[in-house]
Amino acid sequence: MSEKVPVYDNHLHMSPSGRNVDALREFQAAGGTGLTLVTLPYKEVFPIKSGKDFGESYKITYSLAEKAREATDLEINIAVGPYPILLLHIAEAVGLEKAEEMMIEGMEIAARDVAEGRACAIGEIGRPHFPVDKDVWDASNRILLRGMELAKENDVPVIIHCENSDDTDRSLAELADKAGLDCGLVVKHSSPPLVTPEETHGVMPSIPASKSLTKEAIGKGTDRFMIETDYIDDPEKPTAIMAVTTVPKRVSAWVANGQVPLESIYRICKDIPDSLYHR
């Protein structure tokens, strides 16, 4: 595949115990040009015992990004924030009210790091992707709203981990409106192929780079979306959630078969990521 064709994976993780830099070398060798590196709940900082522990997790992300930048020519955009499912784990230990306070502190540390130039997005943040009690759901939405308010203050995107339902994007757009955040800066991670204005309500979809999902998205006649693997860099599951080479292979196939115009590939893999992360 030509070097001139951008190949951007919008959601990828590195882990100190995983392949990390070697995985990104493989991504680049397959044709990858850039990615959004999203922080993880690292086992090195678990369990979370205080809000400040989130800052220690983010430091691991920055260290991994620096090593990757030294080892590759990839564009690496960093997102940090308190992973939403951690609310449940923390609440088991300290109660829901204190857990919410700690999650919001983690959000504010992420915003501080964004303001100081260490990251360019807040994420992945959001709410559980499975049914939970109403008090947990409400707390999750309050934490998410605070994240959106902080993103508004810093003019950066939020990357959202949450449920997938017919009403999800509308719900996210309503929260963004409440926070004063442009809905186009709300990136729905692991999005279904909902890409039309009527489906997204202004939210930016980031779609798993499977053949079927990308084909369905493209078939709707729009190129307003990004693609991702959610590669988790788990040495015991080396291709989870998708193999690190999936996005380069998908884009290579698009180029080879002409399924997606080059102009649309540039929009999906360069113009949209640039507009989000280079603010």
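For the structure, check the block above.
Rules of the game
- Residues numbered from 1 in each chain as written.
- Predicted model: local features only at pLDDT ≥ 70, side-chain atom pairs only at ≥ 80, totals over all residues.
- Heavy atoms only, no water.
- Helix = DSSP H or I, 4+ residues; strand = E, 2+ residues; numbered from the N terminus.
- Buried < 20%, exposed > 50% of the residue type's maximum accessible area, 1.4 Å probe, protein only.
- Salt bridge = Lys/Arg side-chain N within 4 Å of Asp/Glu carboxyl O.
- Contact = heavy atoms within 4.5 Å.
- Pairing = 2+ DSSP bridges.
- Axes fitted to C-alpha atoms, helices over the stretch in contact; angles between N-to-C directions.
- Right-handed = clockwise from strand over helix to strand, strands pointing away.
- Arc of directions from axis to C-beta.

Engineer: Help me get a handle on the overall build of the protein, residues and values and all.
Structural biologist: A count of helices and strands for the protein gives ten helices and eight strands. In terms of overall dimensions, the protein has a C-alpha envelope of 55 × 40 × 35 Å along the principal axes. Residues classed as buried in the protein amount to 56% of the 279 residues present.

Engineer: Tell me about the pattern of salt bridges, residues and numbers included.
Structural biologist: Per the counting criterion, the structure on display carries 19 salt bridges. With its nearest N and O atoms 3.8 Å apart, the salt bridge here joins Glu-153 to Arg-146. Given a relative accessible area of 55%, Glu-153 falls into the exposed group. Residues participating in the shared-partner salt-bridge network are Glu-108, Arg-146, Glu-149 and Glu-153.

Engineer: Before we move on, can you summarise the environment of Leu-74 with the specific residues and values?
Structural biologist: Note on placement: Leu-74 falls in the loop between helix H2 (52-71) and strand S3 (75-80). Taking the C-alpha atoms as reference, Leu-74 lies 39 Å from Val-132; in sequence the two are 58 residues apart. If we ignore the near neighbours within four places in the chain, the residues touching Leu-74 are Leu-24, Phe-27, Gln-28, Gly-32, Thr-33, Gly-34 and Leu-35.

Engineer: Help me get a handle on the sheet that holds S3, residues and values and all.
Structural biologist: Taken together, the eight strands give an open sheet; going across it, the order is S1-S2-S3-S4-S5-S6-S7-S8, and neighbouring strands pair in parallel fashion. Looking at which strands have only one partner, the edges of the open sheet turn out to be strand S1 (8-12) and strand S8 (226-228). The mean angle between the axes of side-by-side strands here comes to 25°, regardless of whether they run parallel or antiparallel. The pairing of S1 with strand S2 (residues 34-38) spans three bridges and is classified as parallel. Within the sheet, the bridge partner assigned to Leu-12 lies in S2 and is Leu-37. Against the sheet, helix H4 (residues 96-115) engages S3 and strand S4 (121-126), with an angle of about 160° to S4. Strands S4, strand S5 (158-161) and strand S6 (186-188) of the sheet are contacted by helix H5 (residues 134-154), whose axis makes an angle of about 170° with S4.

Engineer: Kindly report on the side chain of Thr-246, identifying the contributing residues and their values.
Structural biologist: Along the chain, the position of Thr-246 falls in helix H9 (residues 246-257). Accessibility expressed as a relative area gives 14% for Thr-246, which makes it buried. Beyond its immediate sequence surroundings of up to four residues, Thr-246 is in contact with Ala-209 and Thr-229.

Engineer: I'd like a description of the pairing of strand S7 (residues 204-208), backed by residues and values.
Structural biologist: Counting buried positions over the five residues of S7 gives five, a clear majority of the element. Taken together, the two bridges between S6 and S7 define a ladder with parallel strand orientation. Across the sheet, the residue bridging to Lys-188 is Pro-205, located in S7. Note that S7 and S8 share three bridges and pair parallel. By the bridge assignment, Ser-206 is partnered in S8 with Met-226. With helix H8 (residues 211-218) bridging S7 and its parallel neighbour S8, the resulting β-α-β unit is right-handed.

Engineer: Tell me about the side chain of Arg-250, residues and numbers included.
Structural biologist: In this fold, Arg-250 is placed in helix H9. Apart from residues lying up to four places away in sequence, Arg-250 is in contact with Ala-209, Ser-210, Lys-211 and Thr-214.

Engineer: Break down helix H1 (residues 21-29) for me, citing the residues and quoting the values.
Structural biologist: Among all positions of H1, only Val-21, Ala-23, Leu-24 and Phe-27 are buried. Along the axis of H1, the buried positions cluster into a sector of 155°, meaning they face one direction only. Of the residues flanking the end of H1, it is Gly-31, one or two places downstream, whose phi is positive at about 120°.

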